[in-house]
Each structure stands twice: as structure tokens, then as C-alpha cells.
Amino acid sequence: MDQVEVRTMAKVSKRLLPFLILCFMAAYLDRINVGIAAIQMNKNLGFSATMYAIGAGIFFLGYFIFEIPSNLMLHKFGARRWIARIMISWGMVSSLMAFVWNEQSFYILRFFLGVAEAGFFPGIIYYLTYWFPEKRRAKVFGLFLVATPIAIIIGSPVSGLLLNLEGWLGLHGWQSMFIIEGIPSILLGFVVLKFLPDGPKDATWLADEERSWLLGEMARETKEENSHTLSSFGAAMLDKRIYAFGIAYVGIISGLYGIILWLPQIVKGFGLSNSVVGFVTAIPYCAAALGMVYWSRHSDRTGERPWHVAGACFLAGFGLALSAWITGPAMSMVVLVIAAVGVFSAMATFWALPTSFLSGAGAAVGIAAINSIGNLGGFSGPYVVGYIKDATGSFSAGMLFLSGCIVLCGIIVLSMYRGKANAVLPNAVRAKPEGVL
């Protein structure tokens, strides 16, 4: 491999990925800390499981409505300013969650949290396509997405401990938690304005030779794939692959948030204290972080994409299905670890598929559309689990529902690629479009 390439990619990775991972950790913490807050909040405010599920899931309706417009704004105004705007606004709304007083205020603030955060995740995925050639993207996406389990590994115990701040400034523990955990996002938003370049041409920390190589490599890749790359808004919105991937992603997100938003209450059912619940909840995500990094690296090394996504989906479905029948705390945690590893590994490798045929404005809208459709699963998954829990008093049937959703995702992805030749990236570089819907 050319030394300029090695040196350039090492610089880009070290400069951008740790910071973006930190930002995404803040995003996930503000998105899912409601799962820990619910341990106290639901009792204080008199929320049923269904009320909580609607409030937790309505975040994704705001997210869905504003996702594509937000990503187009990022494409127009640049990553630095738009990502900073997103982070500052969602941090403020997240802190305001401390002041919900009834069912309606809970729904409204969760909806506006989704509006504020809309565009962040697809914007970062789109932003990374400026810097990394396609052959490296599964590993890069995997490293970036490892922020999700890390945020939960760190955030769950911290959130659990913050619940103990009962009476601080006259607030309940869950209120203190929301205020404290919203502040890092606001501060990081201002750091983005100073730290994050809009693209390789603005990267003053790259030597001229390195910057020229990177710009040339990305231009060459775009030109080479021009015959099947979607680069315009209209082309992306009319391409049925976008909608197929979006529907498939519903399955991953249903499983993901079904676990994230209900796991603390499942663990609480083991009879543990609030502080211990935070630590025990982190266990599946430790395994998930390791699994998703290994799985995404393996996908890049072999050049195979669809089976890496589908195989991880089937593993998650297996774990979720078993969790419906196993009731003992120890074995319940084992199968939930299996489910978490599968869900996160599927998410890590999934994004290497659609980004292989999207570029420019087409990438901005296509990635946002897929993520927007998929995140409807963030509403439907937790809602169905909550509704079933209220109706039956058990999480079992809800876990079976989530299992079916994510297995269906794996089936859809495999159905989109026909034959081994189209399931393997030639020279571990890019999947050809002839085998895709």
C-alpha cells in the first residue's frame, strides 16, 4: 500500500474518529437516558408502560419528519456549522426534559428532542464519505458506531448514580440526571465550530501531498462509479433501493431501541437497586462494542457485505427469541448479550451497503431517507413492547415481536443481492449494482 495513503488515512482517522465518537456518545446518552430516568420518573408522574413507550418513541416521529431537510441543510451550509447547531439545540432540549410535569409535556419535549437531533447521525455518515474510500467504510462505520454501546456502558452506570441525587436543588434524581447529561452536548457543539473541517480541502493538518492524494482518490472513486452512483436529490428519492434499505433498517432499529429503552426495566425486575441496575445494564453493551468492531473489520477484510448484515440480524433474532422464554437473571443476561452483539454488529456493517451507490446530494438525501424510514422502528418497537407489557404483564411476547422484526431485516437484505458475485465486493472495494434491486 502506498505510504502516502497509509499516512493520510492514519491522520484522518486519528483526527476525526475519536472526536466524532465522543459527539455521538453525547447524542446517544441524551437520546436513551430516558430508559434509566423511567425507573423513577414513571412512578413520580404516574406513567403507565404504554405512556412511557409513546413518549420514548415519539422522539422518532420528530426525527423522521425533519431528517431529510436537516441533512440537505448540512450539504448546503457545511458540516461544521450544521452539526454544531444540531448538538447545541438537542443538548438544550434534553436538559429541559427535567421539567416535564405530565403526559403531554413528556410527549412534546421528546418530539422536539427528535426534531433537534434530526440529521446528526446521517449527517455524520455522509460526512465520513468525504474522507474515507468505500473499501474502508465498514471498519470506519463500525468504529464510529461503537460510540453507541460505549455511551450506554458509561452512561448507564452514571445515569443510575445520578438518580441518587434526590433533593439536589429541590429536584428528583431523574430531573438532575437530565440537566447534567444535557450540558456536554451543548459544550461539544461549540467545540465542533472550532475543531471540525467541512471537508478534506479545509484540513490544514494534512500535508499538501496528503491532501492532494485524498482529494484525488475521492474524485477518482466518484468518477469511476459515476455510471451507477446516485448523486442528485431526485434520483435518490426515486430509487427503490433507498426504500428497501429503509424498510430493512426498521428491523435493526426496532431491535436496537426495543433493547435500549426497556433493558433497564427488565434488569430492575431482577430485584436490584437503581445504582446496580446501571452497571448490570452495561454488560450486554461491553460485548456489543467488541463484537461490532470485529465484525465490521471482518467485512472489510473479506469484502463481503450482505451476509455480514444478515448473519448479525439472525444472531440478534435468536437472542431476542430466547429471551422470551428464559426467566432466570443469569441466563436472561446471556441471551440479551447475544441479542445486543447481533443488533450492533448488523448496524455497523449495514451502512457500507447504501453508501456504495450514493454520492453528493444523492448521498445527503439517500442516507437521511434510509435512516428516517428506519428510525420509525424506534417508535414502533418500544411502543409494541410497552403495549404488550401492559396487556400481559410480561416482556416475553414483546421480545418475540422484536426478534421477528430484525430477522425480517436480514431476509430483506439477502433478497436484494442475487448470487455470490454480487454479494462480494470485487477486490474488497465495491458491490456492483446489477445484483441490487
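Residues numbered from 1 in each chain as written. Predicted model: local features only at pLDDT ≥ 70, side-chain atom pairs only at ≥ 80, totals over all residues. Heavy atoms only, no water.

**Comments concerning the pattern of salt bridges**
Inspection of the entire model under this criterion finds six salt bridges. As a salt-bridge pair, E209 and R7 come within 3.1 Å of each other at their nearest N and O atoms. In this pair, E209 sits in helix α10 (residues 208-224) while R7 sits in helix α1 (residues 3-32), placing the two residues 202 residues apart along the sequence. Across the pair D300 and R305 runs a salt bridge whose closest N-O atoms are separated by 2.9 Å. Shared partners join several salt bridges into a network, and the residues in it are R7, K11, E209 and E210. (Salt bridge = Lys/Arg side-chain N within 4 Å of Asp/Glu carboxyl O. Helix = DSSP H or I, 4+ residues; strand = E, 2+ residues; numbered from the N terminus.)

**Examining the confidence of the model for the chain**
Mean pLDDT for the chain: 82, with 89% of residues reaching 70 or above. At the low end of the mean pLDDT range in the chain sits helix α20 (residues 420-423), at 44; at the high end sits helix α15 (residues 306-323), at 92. Counted against residues more than four places away or in other chains, residues 226-231, with its pLDDT under 50, gives 22 contacts. (pLDDT = per-residue confidence, 0-100. Contact = heavy atoms within 4.5 Å.)

**Looking at unusual backbone geometry**
Positive phi is not limited to glycine here, since L169 has a value of about 55°. By the element assignment, L169 lies in the loop between α8 (147-162) and α9 (173-195).

**Some details on the packing of aromatic side chains**
On inspection of all chains with the given rule, the structure shows 24 aromatic pairs. With a centroid separation of 5.0 Å and an interplanar angle of 70°, the aromatic rings of Y126 and Y130 are classed as edge-to-face. Classification of Y126 by relative accessible area gives buried; the value is 2%. Through a chain of ring-to-ring contacts, the aromatic side chains of F24, W90, F120, F121, F144, F245, Y249, F350 and W351 assemble into a single cluster. Above the ring of W82, the side-chain terminus of R85 is found at 4.5 Å from the ring centroid. (Phe/Tyr/Trp six-rings, centres within 6.5 Å; stacked < 30°, edge-to-face > 60°. Buried < 20%, exposed > 50% of the residue type's maximum accessible area, 1.4 Å probe, protein only. Lys NZ or Arg CZ within 6 Å of the ring centre and 35° of its normal.)

**Quick notes on helix α18 (residues 377-392)**
Look at α18: 22 Å from first C-alpha to last across 16 residues, which is about the 22 Å you get at 1.5 Å a residue. Here α18 has its buried residues at G377, G378, G381, P382, V385, G386 and I388. Buried residues of α18, seen end-on, are gathered within an arc of 165° and therefore sit on one face of the element. Backbone geometry just after α18 places G393 at a positive phi near 80°. (Expected span 1.5 Å × (residues − 1). Arc of directions from axis to C-beta.)

**A look at the state of the cysteines**
Here the structure, examined in full by the defined rule, presents zero disulfides. Cysteine C313 shares no disulfide, and the gap to the nearest cysteine sulfur, in C409, comes to 3.6 Å. You can call C313 buried: its relative accessible area is 0%. (Disulfide = S-S within 2.5 Å.)

**Here's the deal with the packing of helix α3 (residues 49-77) against helix α6 (residues 120-128)**
Direction vectors running N to C along α3 and α6 enclose 35°, while the axes themselves pass 8 Å from each other. Read as a crossing pair, α3 and α6 show a hand that is right-handed. Between α3, through Y63, E67, N71, L74 and H75, and α6, the contact on the second element is made entirely by F121, P122, G123 and Y126. Each residue belonging to the contact of α3 with α6 can be placed in one class, and the counts come to five nonpolar, three polar and one charged. (Axes fitted to C-alpha atoms, helices over the stretch in contact; angles between N-to-C directions. Left-handed = near helix turned anticlockwise from the far one by under 90°. Nonpolar A, V, L, I, M, F, W, Y, C, P; charged D, E, K, R; others polar.)

**Concerning the nonpolar core**
F120, W131, F144, F344 and W351 are the most contacted members of the largest nonpolar core, which totals 136 residues. Contact partners of F120, with chain neighbours within four places excluded, come to C23, F24, A27, I83, I86, M87 and W90. (Core = buried A, V, L, I, M, F, W, Y, C linked by side-chain atoms within 4.5 Å.)

**Overview of the side chain of R110**
With respect to the helices and strands, the residue R110 is situated in helix α5 (residues 103-117). Buried within the structure, R110 lacks any salt-bridge partner; its nearest side chain of opposite charge belongs to E117, at an N-O separation of 7.7 Å. At a separation of 3.2 Å, a polar atom in the side chain of R110 contacts the main-chain carbonyl oxygen of G55. For R110, the contacting residues outside a window of four places in its chain are D30, R31, V34, G55, A56, I58, F59 and M97. (Lys, Arg positive; Asp, Glu negative; His and termini not counted. Polar contact = N/O pair within 3.5 Å; in protein donor to acceptor, adjacent residues only side chain to side chain.)

**Looking at the environment of C286**
Topologically, C286 is positioned in helix α14 (residues 283-302). The exposure class assigned to C286 is partly exposed, which follows from its relative accessible area of 37%. Once the C-alpha coordinates of C286 and I153 are considered, the two residues, 133 residues apart in sequence, prove to be 6.5 Å apart.

**Let's talk about a nonpolar patch on the surface**
Together, F64, I65, F66 and L376 line one region of the surface with nonpolar side chains, adding up to about 320 Å² of accessible area. Within the element layout of this structure, F64 appears in helix α3. Taking relative accessible area as the criterion, F64 reaches 33% and is therefore assigned partly exposed. (Patch = residues over 30% accessible without salt bridge, like charges linked within 9 Å, V, L, I, M, F, W, Y side chains within 5 Å. Areas by Shrake-Rupley, 256 points an atom, 1.4 Å probe, with all protein chains shown as cover.)

**Description of helix α4 (residues 79-96)**
For α4, which comprises 18 residues, the first-to-last C-alpha distance of 26 Å matches the rise-based estimate of 26 Å (1.5 Å per residue) to within 8%. α4 sits mainly inside the fold: 13 of its 18 residues count as buried.

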